[in-house]
Each structure stands twice: as C-alpha cells, then as structure tokens.
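# Results of the structural survey
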Protein chains: 2
Amino acid sequence: MKRRDFLSTSALGLGALGLGGCYREENRTPEGEIKVQKKVTIKLATSWPTHFPIMGTGVDNFAKRCFELSGGTLEIKVYPKNILVPALQVFDTTSLGQIDAFHSGVYYWKGKNSAFSIFGGMPLGLTSEEMITWLKFAGGMELWRELYAKFNLYPLIGGSTGPQMGGWFKKPINSLSDLKGLKMRIPGLGGEVMKKLGVNPVLLPPGEIFTSLERGTIDATEWVGPALDSIMGFDKAADYYYTGWHEPGSILEITFNKNKWEQLSPQHQAIITSASEEMTGTMIQEFRYKNAKALQELPDNVKIKTFPKDMMDAAKIALDEVLKLESKKNKDFKKVLDSYNSFTKINKSWDDISTKNFLNIRA
Amino acid sequence: MKRRDFLSTSALGLGALGLGGCYREENRTPEGEIKVQKKVTIKLATSWPTHFPIMGTGVDNFAKRCFELSGGTLEIKVYPKNILVPALQVFDTTSLGQIDAFHSGVYYWKGKNSAFSIFGGMPLGLTSEEMITWLKFAGGMELWRELYAKFNLYPLIGGSTGPQMGGWFKKPINSLSDLKGLKMRIPGLGGEVMKKLGVNPVLLPPGEIFTSLERGTIDATEWVGPALDSIMGFDKAADYYYTGWHEPGSILEITFNKNKWEQLSPQHQAIITSASEEMTGTMIQEFRYKNAKALQELPDNVKIKTFPKDMMDAAKIALDEVLKLESKKNKDFKKVLDSYNSFTKINKSWDDISTKNFLNIRA
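Cut-offs applied
Every chain is numbered on its own, with residues counted from 1 as its sequence reads. Both sets of labels track the order of writing: A upward for chains, 1 upward for ligands. Two thresholds apply to this predicted model, a pLDDT of at least 70 for residue-level local features and 80 or more for giving and counting side-chain atom pairs, whereas whole-chain, interface and lining totals are computed over all residues. The way it works is that DSSP assigns letters per residue, a run of H or I at least four long becomes a helix, a run of E at least two long becomes a strand, and they are numbered from the N terminus. To get the radius of gyration, use the C-alpha atoms; to get the globule rule, take the number of residues to the power 0.38 and multiply by 2.2 Å. For every residue, the other C-beta atoms within 10 Å of its own C-beta are counted; 20 or more classify it as buried, 12 or fewer as exposed, and values in between as partly exposed. C-beta atoms are placed from the backbone. Placing a C-beta atom from the backbone of each residue, one calls two residues in contact when those atoms lie within 7 Å. All the domain ranges listed were derived from an automatic or database domain assignment. Polar here means any residue outside two lists: the nonpolar Ala, Val, Leu, Ile, Met, Phe, Trp, Tyr, Cys and Pro, and the charged Asp, Glu, Lys and Arg; Gly therefore counts as polar. If DSSP finds at least two bridges between two strands, the strands pair. Axis angles are defined between N-to-C directions and span 0 to 180 degrees, where every axis is a line fitted to C-alpha atoms and, for a helix, only to the segment in contact. Oblique is the label for any angle not covered by the other classes, which are roughly parallel (under 35 degrees), roughly antiparallel (over 145) and roughly perpendicular (65 to 115). We call a crossing left-handed when the near helix sits turned anticlockwise from the far one by less than a right angle, and right-handed when that turn is clockwise. Among buried residues, those of type Ala, Val, Leu, Ile, Met, Phe, Trp, Tyr and Cys that are joined through C-beta atoms within 7 Å form a set called a nonpolar core. For every residue, the pLDDT score states the predictor's confidence, bounded by 0 at the bottom and 100 at the top.

### Here's the deal with the overall build of chain A
The secondary structure content of chain A amounts to 14 helices and 14 strands. Computed over C-alpha atoms, the radius of gyration of chain A comes to 22 Å, within 12% of the 21 Å expected from 2.2 N^0.38 for 363 residues, which places it in the range of a compact globule. Dimensions of chain A, computed from the C-alpha atoms along their principal axes, are close to 80 × 45 × 40 Å. Expressed as a percentage of the 363 residues in chain A, the buried residues total 52%. At a minimum sequence separation of 6, the contacts of chain A that also span at least 24 residues come to 79%.

Below, the structure written as structure tokens:
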C-alpha cells in the first residue's frame, strides 16, 4: 500500500457552521478551558470479519461512542479484515503509518517480539480482570507502551474475551497419554505447551477449521467459548467440549500509530481512552452473558469435560519450561514476565481467599 | 434545604469567546451533526468523606473525566458527605431536585423499597462482574430505572467493590453455635441472615466502629476488604479475619435527578455514561490491586479464616427464608428477584465450568 496520510483534519467545517471569521481554535472562559475541536477522522482496521459478534460489534460500538462523546468531531472509520489490509498485517501497516490504528488480539504479534504474547494473556495465568489490573495498576501497561514504542505504536486495552474453553475433541482425553499424536488447531503459548505434551499443533485459517474437524483431518480445535464456537458449528463435528486452561483472559488491543496518537488533542485522547475502557468492560460482560446463553442451547451430543489432572500437572511443568527458555533468549520477555509474576504472586494470595474461595462457598 | 435550581447553564460564555452573534446552538456539517455545547454544572453529593480511598477518589476521577471528555463544558462538582447534605440524605435530596446527583451504595435505600437492596448485591450471590452483566444484559438495569423513576431518579452503575471480606472477630467461629449472642456490626441482607443465625446485628456510625470493637462493646464487625479495613485499624482490635460471603459484588451508583438527566444533551449523557463505565471497571481493578497489596502487609496477629460449613449451610437456608418472606410482602421485590434468579441460573452453569473451574485448576 502506498503511504498516505489517512488522518485528515478539517476545522469543524466552519463555513457550513456560519462561524466564519469569529472562529478561534482555542478559547478560554472564566469557568475553565474550552477548546473547539477540529474534526478528525481515524482509519482503524480490524482482524475480524464485518460485524463479527462481540469483538467486531464491540469495536463498531467503540467508534460510535467516540463520535457521540466528541459531538461528532472524532470519527473513527472501522474497516473489517481484508478491506484496507489483511487481518494479520494491521500491526505493520499501523506501525508504518499507512493506517492510523487497529483492533486485534495481542497474541498475534509474538513473531515481532515474544514478550508481546504476555500482554495478550498466559496459559494457566491471570483472568481478564486480573490481566487488566496488572496492566493498569502494576506496571504492565508502561512496559507494553515502552516495547510498542519501538514499533512507533501506542496500545490501549481494547476488550478481553473472559475465560475461553479448552476446545473440541472428537475423542475423550482420559489421561495425558491420550494426547499423543493428536492433531489440534491451537495457536500461541497454549500450542507450545500442547506440543510438549505430545500434541501436533496445526495452524488453519478460520474458514477451514470446521471442515478439517468434521473430516477428521484434525482431531481437535480450540476457538473461544460457547457463544462464538456454536456459530462455527463445532458441536456438529465433535462431541467432547473441554473446559479452559490456556486462555483464561486474552486481551485485545486498540493500537494507534504513535505519531497519530500524539497529534490528537488531549480531549480526543481522553475520549478514545474512556471509550476503550467502556468497550473492555462491556465486552467481558457480553461474552459472559452470551456464553451462558449459548451453553444452554448446545445440542445433547455435546459432553462438557475437564482435562485430567495428570495432563494439567504436565501442562504446568511444560509451561514453566517454555517461559524459562524464552526468558533466556529474550531480555524483553524476561522483563515483562518478571513484572507479570510479581503481580501474579500478590494477586493469587488475595484471589485465593476472595473470588476463588467465594465461588467454591457459593456452590 | 431550600429548593434551588443547582443545574445552571450558560451559553459557553459566548461573550468571552468573542463568538457573539455568530453563535448557533445547533449546527450541522456535511460530515455529521456537531453541537456546540452549553456549559453545564452538576452538583453531586456523595456518602463518603473527602477523597475517601477508591470510592471517593473514584468519583473525583469520574468528575475530572467528564470535564476532559466534554472539553470543559460539563463540570461535575463533587461534594463529600455532610458538605451539602448528610451522607444518607443524598437519595431524598436528589429525588426532590435539591441537588442534581449523588454517588453512594445502593444497599442504603432498602427502606425506600426493599427491592433496591437486590440492585446493590446479594449475600452468596453474584460477583461484581456478574452483577453488572445482569444489570446491563439481562434486564436488571431496566427494572432499576423503572423503580427509581417513581422517585424521579435515573441511576447509573457507579463502581463496585469486588468481593468483600466476612469481617473481623475477636474470637474464632468454629461452628454455627459460636455465633449465638454475638454483637456484630453488619448492615443489609447480610445482617438479616446473621440475625437468623443467632447474631445480634448492630448499626454504628463508621467513626465508632473501631473503638466499639477494641473495647469489646461489639464482638465483630464487617467493613470492606484489606485495603479499607487496614485504614480503619481493625487488625489492632481483633485477630480473626474471615473470608467473605455476604457482599460478593456490592454495586455503587451515580444517580441523577431524572428531570436534570433529561435536560442534559445526548452528548453530555453519553459522556456521563462512558465515564461511569470507566469508573466502574477501574474501581473493581483498584480494589483488587489494593486489597492484594494490603493483604501482604497485615500484621502477624491476624489469622485469615473461613467460616465453618455448618454456618454457611445455615446461611443459605436463612437467606432463602428472608427472600421468600420479602417476596410475599413486596411485589417489586419479587419481580426484581425473579429477574435476578433467571440470570443467576444461566450464569452459574457457565461460571461453574469457566471461571470457578479455572481458578481451581490454576491452584
């Protein structure tokens, strides 16, 4: 794509407003500072199909909210995947300033820097609420912004999925040994752990997963949770639906080209920040509600199962090995992991006596 | 207080802006609708002391955010308790239009209508995230607005505490029978349940709780969690700190006088809504972070304990009785409880296989 300046500004269409010569860009009143905003248009590309449920509609609503909050001076044009740029090139094109911003999953960019995978979530790690707490209160966001700045990017949290399911299997997994040689569609750190447990992780474009599972080209696949999985029809291709461990709180991002971000007024920056916070909470709640609803409607052939203890014990050991190796190879990874682990430690001692304890009492 | 019109509007101080005769209240551009906002000032009273940690600073930040998002056209003046009105008169004064809005806990208003206590949270019930999901996605908010409209009020979610602790006890509770005759400071539905379990619930102003506990005038007190409890110094007056069951997700509110709300422009309404959503997420995360930190710093005399199983079993039965009785007495209570229970049912089947299951696997 040819480099273009997508961020166009126009001074509020002043002719149309009839303000003409009276217009001043910045004005102060006795009550405080009031700025008449220039109209700004942002081109934002996503990694999702048009109006993709929850994630895609989430960013649509985010854009609508920015428009409302700004009284129409901030227009974010959302481009679903492959309209402006392919789904997985949104990082590079935003980095180069060919588009202004993107909405995607952070786990996609571990090839850029393996440390980024930690900002996207950790197998057996923090839940969505805990991830966001680490990012906002315990130093995670500063590290994320520092590392993304090297790519001329400025990230904001752009939603989270809540706890994901472990995936669909054609046969039950009764012990660790049942994993041996299974072909499973599973990306990211979860895939690396599964590989150590004997699985053959495969990558497939979303459009090919159902057919591959149905025909037995793969034995298993993970996706998200009941709400999105039932749209994919996986319940028609596999009977065993396993509870989650590898994506307890995956983080999505709204990331800006850093120069574009810095050109925005403080008011527009605040609007984008607030709207992204609203989007994040709402997305987690919407996933909860729609997963709960979809779970009720799964057909009778579906059996909900939990992975056996020997497999989870082995997964913890395998994960530890993966993290240790990567910490040796990449000092950024180590730095981010150290911050993540410091928070995890204090969080766990609180969560164990609060949320976890309560959910067990309530049952 | 004499009835006054606290919501003052002035047309952007146009003289000062030098826009004079060019000003039009509403203008459209080819790119969309752009309104030049009138400056609006809102008087909001809280039930907290000045800059009270997390809750009070949360509403301070909410007001600051509204100012930023609006480019200074929406100013929310926050009045801590007893400055404009006493802490527990904010509901009435806002209802009457003597002030514009308030920030408080929903559980305070069960004397107005017992159904309101359900919007504030339920012992052994939904967590903060689950409460907000019920309110926003499963009909809770519509019921809340319908019932508050009878008091000329328009509520928004204004934060939540996350899971609270069960309270401080001078002696350990090893079985249900140890509760007999204990004097405990515990309000709300939790207090009603405790009463059925043999406790003598007492109400005390916050300023008197510590001294009463230290001197043995009361045997126990609940408050919030480690972050706020340690400020109260309870660890110096009691050794046994019990995990929570009665306030798993208490909801706070930012509630407007309904006429004042309807006079606001759609842009200002959107700003308040987004800022309250941001505040809600941030408050839950801040409670998590600060509780986790404060837990590490509790002195050695403090023993974290979980209530015995026979007590929790009895609490479930007692709660059921309290809810059934109130449902018979108040049809609003029944209507809200039915909605709450419908969501709770589908939520629980999802949460049991997702968050709860995961937190147990992770351990």
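### Here's the deal with the domain arrangement of chain A
Residue and element names in this part refer to chain A. According to the domain assignment, chain A contains domain 1 (8–15 + 37–163 + 249–289) and domain 2 (167–246 + 302–335). Here the C-alpha centroids of domain 1 and domain 2 sit 27 Å apart. With 15 residues of domain 1 in contact, the opposing surface of domain 2 contributes 20 residues. Class assignment of the residues belonging to the side of domain 1 that touches domain 2 gives a composition of 11 nonpolar, four polar and no charged.

### Quick word on the pairing of strand 6 (residues 101–105) of chain B
Residue and element names in this part refer to chain B. Among the five residues in strand 6, five count as buried, and that is most of the element. Of the two faces of strand 6, the one holding Ala101, His103 and Gly105 and the one holding Phe102 and Ser104 are both buried throughout. Alignment of strand 4 (residues 39–46) against strand 6, held across three bridges, turns out to be parallel. Across the sheet, the residue bridging to Leu44 is Ala101, located in strand 6. Pairing of strand 6 with strand 13 (residues 251–257), which is carried by five bridges, proceeds in the antiparallel orientation. Bridge assignment links His103 to a residue of strand 13, and that residue is Ile254.

### Here's the deal with the sheet that holds strand 12 (residues 240–242) of chain A
Across the sheet, six strands lie side by side as 10-9-11-8-12-14 (chain A); this open sheet has mixed pairing. At either margin of the open sheet sits one strand with a lone partner, and together these are strand 10 (200–202) and strand 14 (303–305) of chain A.

### Considerations on the packing of helix 11 (residues 266–296) of chain A against helix 11 (residues 266–296) of chain B
As a packed pair, helix 11 of chain A and helix 11 of chain B sit with axes 8 Å apart at the nearest point and diverge in direction by 60 degrees. Looking at the two axes, helix 11 of chain A sits oblique to helix 11 of chain B. Crossing handedness for the pair helix 11 of chain A and helix 11 of chain B: left-handed. Here Ser274, Ala275, Glu277, Glu278, Thr280 and Gly281 of chain A of helix 11 of chain A lie close against helix 11 of chain B, whose contacting residues are Ser274, Ala275, Glu277, Glu278, Thr280 and Gly281 of chain B. Looking at the contact of helix 11 of chain A with helix 11 of chain B residue by residue, the classes come out as two nonpolar, six polar and four charged.

### Side note on the nonpolar core
One finds Cys66 and Ile271 of chain A together with Cys66 and Ile271 of chain B to be the most contacted residues of the largest nonpolar core, which totals 198 residues. Discounting residues that sit within four places of it in the chain, Ile271 of chain A has contacts with Cys66, Leu69, Ser70 and Leu74 of chain A together with Leu69 of chain B.

### Focus on the sheet that holds strand 8 (residues 167–169) of chain B
All names here are of chain B. The mixed open sheet is built from six strands, whose spatial order is 10-9-11-8-12-14. For this open sheet the edge positions go to strand 10 (200–202) and strand 14 (303–305), each flanked by a neighbour on one side alone. Here two bridges tie strand 8 to strand 11 (residues 220–221), and the two strands are oriented antiparallel to one another. Looking at strand 11, one finds that Trp168 is bridged to Thr221.

### Let's talk about unusual backbone geometry
The phi dihedral of Leu124 of chain A is positive, around 60 degrees, even though this residue is not glycine. Here Leu124 of chain A is to be found in the loop between helix 4 (116–120) and helix 5 (128–137). At Ile54 of chain B, a position not held by glycine, the phi torsion is positive, near 70 degrees. Following the sequence through the fold, Ile54 of chain B ends up in the loop between strand 4 and helix 2 (55–69). A tally of 22 C-beta atoms within 10 Å means that Ile54 of chain B is categorised as buried.

### Quick word on the pairing of strand 4 of chain B
All names here are of chain B. The buried fraction of strand 4 is high, at seven of eight residues. As defined by bridge partners, strand 4 adjoins strand 5 (residues 74–79) across six bridges and the pair is classed as parallel. Looking at the pairing, Thr41 lines up with Glu75 of strand 5.

### Thoughts on the packing of helix 11 of chain A against helix 13 (residues 331–353) of chain B
Running from N to C, helix 11 of chain A and helix 13 of chain B cross one another at 90 degrees; their axes reach a closest spacing of 8 Å. One way to sum up the angle between helix 11 of chain A and helix 13 of chain B is to call them roughly perpendicular. Contacts from Arg288, Asn291, Ala292, Lys293, Leu295 and Gln296 of chain A in helix 11 of chain A reach Ile346, Asn347, Ser349 and Trp350 of chain B in helix 13 of chain B. Residues of the contact of helix 11 of chain A with helix 13 of chain B, tallied by class, amount to four nonpolar, four polar and two charged.

### Side note on the confidence of the model for chain A
Residues and elements named next belong to chain A. Per-residue confidence for chain A gives a mean pLDDT of 91, with 90% of residues at or over 70. In the model, residues 1–33 has pLDDT below 50 throughout and makes 70 contacts with residues more than four positions away in sequence or in other chains. Scored as a whole, the predicted complex attains pTM 0.91, and scored at its interfaces, ipTM 0.91.

### Observations regarding helix 7 (residues 188–196) of chain B
For an α-helix, the turn length of 3.6 residues means that residues three or four places apart are oriented alike. All names here are of chain B. Within the sequence span of helix 7, burial applies to Gly188, Leu189, Gly190, Glu192, Val193 and Met194. Structurally, helix 7 contributes buried residues whose contacts are with helix 4 (116–120), strand 9 (183–185), strand 10 and helix 12 (309–329). Following helix 7 by one or two positions, Gly198 has its phi on the positive side, about 105 degrees.

### Here's the deal with the environment of Ile361 of chain B
Residue placement: Ile361 of chain B occurs in helix 14 (residues 355–362). For Ile361 of chain B, a count of 19 C-beta atoms within 10 Å puts it in the partly exposed group. Dropping the residues within four chain positions of it, Ile361 of chain B is found in contact with Trp245 and Met312 of chain A.

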